[in-house]
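Given next are the chains, with one letter for each unit.
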Amino acid sequence: MSTKKEYNIEVKIYGSRKDLGAAAAERFAREIDRLLIEKQEINVVFAAAPSQNEFLKYLFDQNLAWNRINAFHMDEYIGLPANAPQGFGNFLKDRLFARFSFKSVHYLNGNAENLDEECLRYSDLLLQYPIDIVCMGIGENGHLAFNDPPVADFEDPLTVKVVDLDLACRNQQVNDGCFKHLDEVPLSALTLTIPTLLRAKFISSVVPGTTKARAVANTLEKEISTRYPSTILRNHTNVELFLDYESSQLLNK
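Only a predicted model underlies this, so the values are computations on that prediction, with no experimental measurement involved. (Residues numbered from 1 in each chain as written. Predicted model: local features only at pLDDT ≥ 70, side-chain atom pairs only at ≥ 80, totals over all residues. Heavy atoms only, no water.)

## Re helix H4 (residues 115-128)
Consideration 1: The first and last C-alpha atoms of H4 sit 20 Å apart over 14 residues, in line with the 20 Å expected at 1.5 Å per residue.
Consideration 2: Burial in H4 covers these residues: Glu118, Cys119, Tyr122, Ser123, Leu125 and Leu126. Viewed end-on, H4 has its buried residues packed into an arc of 160 degrees, placing them on one side of the element. More than 90 degrees from the buried face of H4, the exposed residues found are Asp116, Glu117, Leu120, Leu127 and Gln128.
Consideration 3: Considering only its buried residues, H4 is in contact with strand S4 (69-73), strand S6 (104-106), strand S8 (160-164), strand S9 (188-192) and helix H6 (194-198). (Helix = DSSP H or I, 4+ residues; strand = E, 2+ residues; numbered from the N terminus. Expected span 1.5 Å × (residues − 1). Buried < 20%, exposed > 50% of the residue type's maximum accessible area, 1.4 Å probe, protein only. Arc of directions from axis to C-beta. Contact = heavy atoms within 4.5 Å.)

Encoded structure:
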């Protein structure tokens with residue numbers, strides 16, 4: 001493992017996805033334990049994607065006070081069947097939310113009858129439970145949650161919003177094996193906005209794999225711009241970026 005500081009981001013590079021996932025889970029546990037000394041309960045936003053599989057797996061090795069954690073997820077497709085395994089709430093329920101006794105779990109509903117009201121409902125919850133930790137990935141196009149370049153806004157006045165998904169983002173869902181064909185991938189989604197995500201006190205970003213190498217390099221080396229949404233992480237003061245050899249291969253080491 002190697003570590004270096006790039007701008008405000010602590011970059012940690014591991015030899016394998018397994019080692020990356022274990023290290024990210026251990027770091028998450030340390031932050032949880034630290035915060036629970038200061039607060040009775042804490043609020044965590046989780047990402048749902050195959051890139052998070054190892055991190056989520058190794059959370060089971062941590063002895064955490066899950067009953068003091070309020071859980072959220074950062075985005076959700078619009079219009080999938082309620083039981084679709086690709087649904088991000090379902091993904092996290094299967095791998096995490098239903099496996100531990102959280103204090104509370106709050107799901108985004110991509111099938112709400114009124115999506116504007118659903119955004120307001122979830123926004124109100126996030127005001128009630130200010131975010132302490134965000135566990136995120138970075139998309140192939142640099143997106144954070146579903147803030148793709150065409151809709152990313154670093155000064156977004158909204159907390160949660162409806163977005164159209166960029167073609168590169170939809171292709172990633174096929175590349176990741178979540179959908180067999182592009183025409184199966186929804187065209188729109190609900191997402192926490194970038195300012196919402198950046199309000200977290202600590203951001204853990206787990207980004208393995210060759211397909212993420214260009215996005216990782218852009219995150220650390222391009223100008224801070226909505227053309228590369230993940231570059232905004234460099235303006236946060238407490239971000240740790242967990243990479244494996246494959247995702248780090250385009251960095252200037």
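Next comes the rest of the description.
## Some thoughts on the layout of surface pockets
Consideration 1: Estimates place the volume of the largest pocket at around 320 Å³.
Consideration 2: Considering the residues around the largest pocket, the lining is formed by 25 residues, among which Ala48, Ala49, Pro50, Phe88 and Gln173 are closest to the centre.
Consideration 3: The element contributing the most residues to the lining of the largest pocket is helix H3 (residues 88-97), with three residues.
Consideration 4: Lining the second largest pocket are 14 residues, with Glu76, Ala82, Asn90, Leu108 and Gly110 positioned closest to its centre.
Consideration 5: Counting only elements with at least two residues in the lining of the second largest pocket, the list comes to strand S5 (75-77) and H3.
Consideration 6: Broken down by element, the lining of the second largest pocket gets its largest block of residues, three residues, from H3.
Consideration 7: By residue class, the composition of the lining of the second largest pocket is six nonpolar, six polar and two charged. (1 Å grid on protein atoms, 1.4 Å probe; cavity = no way out; pocket = protein on both sides within 12 Å on 5 of 7 lines; lining within 4 Å. Points joined across faces, edges and corners; volume = space filled by probe spheres on them. Nonpolar A, V, L, I, M, F, W, Y, C, P; charged D, E, K, R; others polar.)

## Things to note about the nonpolar core
Consideration 1: The biggest cluster of nonpolar side chains holds 45 residues, and the ones touching the most others in it are Phe28 and Phe46.
Consideration 2: When contributions to this core are tallied by element, the ones reaching two or more residues are helix H1 (17-38), strand S3 (42-46), helix H2 (53-58), S4, H3, strand S7 (133-136) and strand S10 (202-207).
Consideration 3: Sequence-distant contacts of Phe28, defined by excluding residues within four places in its chain, comprise Val44, Phe46, Phe55, Leu59, Leu64, Trp66, Ile133 and Cys135.
Consideration 4: Among the nonpolar cores identified, the runner-up in size contains 40 residues, and Val45, Met74, Tyr129 and Ile194 belong to it. (Core = buried A, V, L, I, M, F, W, Y, C linked by side-chain atoms within 4.5 Å.)

## A short note on the sheet that holds S9
Consideration 1: Strand order in this open sheet of three strands is S5-S9-S8, and the pairing throughout is antiparallel. Where the open sheet ends on each side, the last strands, each with one partner, are S5 and S8. Ignoring strand direction, the axes of neighbouring strands in this sheet form an average angle of 20 degrees.
Consideration 2: By the bridge criterion, three bridges tie S5 to S9 in an arrangement that is antiparallel. Residue pairing in the sheet places Tyr77 in a bridge with Ala189 of S9. (Pairing = 2+ DSSP bridges. Axes fitted to C-alpha atoms, helices over the stretch in contact; angles between N-to-C directions.)

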